[in-house]
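# Tertiary structure, described
Chain residues, written in single-letter form:
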Amino acid sequence: MSTYPQSYQAFYVEKTAEGFKRSVQSLNPEALPQGEVLIEVHYSSLNYKDALSASGNPGVTRNYPHTPGIDAAGVVLHSSNDRFQQGDEVIVTSYDLGMNTWGGFADLIRIPAAWVVPLPKGLSLKESMMLGTAGLTAAMSLEALLENGITPEMGAVVVSGATGGVGSAAVALLAKAGFKVIASTGKANAHDMLKSIGASEVINRDELNQDEKRPMIKPRFAAAIDTVGGKTLETIIKSLNVNGAVAACGLVGGADLQLTVFPFILRGIRLLGIDSEKYSYAKRVALWQKLATGWKVDLSPINREIGLTELEDAIAAILKGQIQGHVLVKVR
């Protein structure tokens, strides 16, 4: 492939009078946004935010036509920045990729060098996108718990929304770190899958979705990684042990919290917000290094591989909550 290909394939979202139209098209690279690094994308992954972008959600993407995809892993074709050379294998996750900058559901992206992370040794391009932003977010959540003094000896850690991309990666990473993991899900057919990646126990999500008026309830968990928010996060906070902590990284269950300060004052609970988009570059590089070495986990059992032409059905499924695990997108 030449440094400047004459065309490239992309999952293309257009705004029409009838709504948003999605198709795989051959496009001119001149349509790509300006940027220092041109990357030949080999793999991406499907996230809930991608599905929102592909559906015209203005909170994610404002301008169309557009190519979603907040994740990409591939090979540098051209760079005007000295930090990267042609042939370098690299990862790009979050920042503005796939939101208002054309993203990884295409075999070419052009982006600022500040968004590009070198692929660490010990991790293939495919493996990096088996993690993607979801895996990075899960790793950030684990890192936050460890930095706040949570250890395996303190007791079990619960993961809400455990069959999702972030949740399933969190289960695997926590188990790798030696924690007893309790996975919460509403999918009865997912129990074996969750146990295969490290869950010691699987509970129904209704146990974490209580309409409990008391400011605190019987302590049950040492810590949590919550991907749901809303009433689930409320229940978790109320049921954490003394000096417990919850890493909160999702809000599909709602953005409101109906709480008193009692859990925070009387039990010393810590609420840790996780945001991969604003995670510093230096920490991002270091965390990817961990994911390639001591924190490396095999996520192949929870990854399903699809191509660009299969994205339409996968987007519909993720919006309906029908996806288990993670969707790997083979772009090239």
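A brief look at the structure comes next. Since we're looking at a predicted model, the values are computed, not measured.

Another aspect to go through is the overall build of the protein chain. Within the protein chain, the regular secondary structure consists of 8 helices and 15 strands. In terms of overall dimensions, the protein chain is globule-like: its C-alpha atoms have a radius of gyration of 20 Å, near the 20 Å expected for 332 residues. Overall, the protein chain is about 65 × 45 × 35 Å in size when its C-alpha atoms are taken along their principal axes. Of all 332 residues assigned to the protein chain, the portion counted as buried reaches 53%. In the protein chain, the proportion of contacts linking residues at least 24 apart, taken out of those at least 6 apart, comes to 69%. Computed over 31 positive and 32 negative side-chain charges, the inter-centroid distance for the protein chain is 6 Å.

Spatially, the 6 strands line up as an open sheet ordered β10-β9-β8-β11-β12-β13, and their pairing is parallel. In this open sheet, the two edge strands, each paired with only one partner strand, are β10 (201-204) and β13 (270-273). Looking at each pair of strands side by side, their axes are set apart by 20° on average, direction ignored. Looking at chain direction, strand β11 (residues 221-226) and strand β12 (residues 240-248) are connected through 5 bridges and run parallel. Note that in β12 the partner of Asp226 across the bridge is Ala248. Across the face of the sheet, helix α2 (residues 125-147) comes into contact with β8 (157-159), β11, β12 and β13 while running at roughly 150° to β11.

The amide bond that connects Tyr64 to the next residue, Pro65, takes the cis arrangement and shows omega of 5°. By the secondary structure assignment, Pro65 is in the loop between α1 (48-54) and β4 (71-79). Despite not being glycine, Ser94 has its phi angle at roughly 60°, a positive value. Positionally, Ser94 belongs in the loop between β5 (89-93) and β6 (108-111). Given the relative accessible area of 5%, Ser94 is considered buried.

Cut-offs used in this document
- Residues numbered from 1 in each chain as written.
- Predicted model: local features only at pLDDT ≥ 70, side-chain atom pairs only at ≥ 80, totals over all residues.
- Heavy atoms only, no water.
- Helix = DSSP H or I, 4+ residues; strand = E, 2+ residues; numbered from the N terminus.
- Rg over C-alpha atoms; globule rule 2.2 N^0.38 Å.
- Buried < 20%, exposed > 50% of the residue type's maximum accessible area, 1.4 Å probe, protein only.
- Contact = heavy atoms within 4.5 Å.
- Lys, Arg positive; Asp, Glu negative; His and termini not counted.
- Charge placed at Lys NZ, Arg CZ, Asp CG, Glu CD.
- Pairing = 2+ DSSP bridges.
- Axes fitted to C-alpha atoms, helices over the stretch in contact; angles between N-to-C directions.

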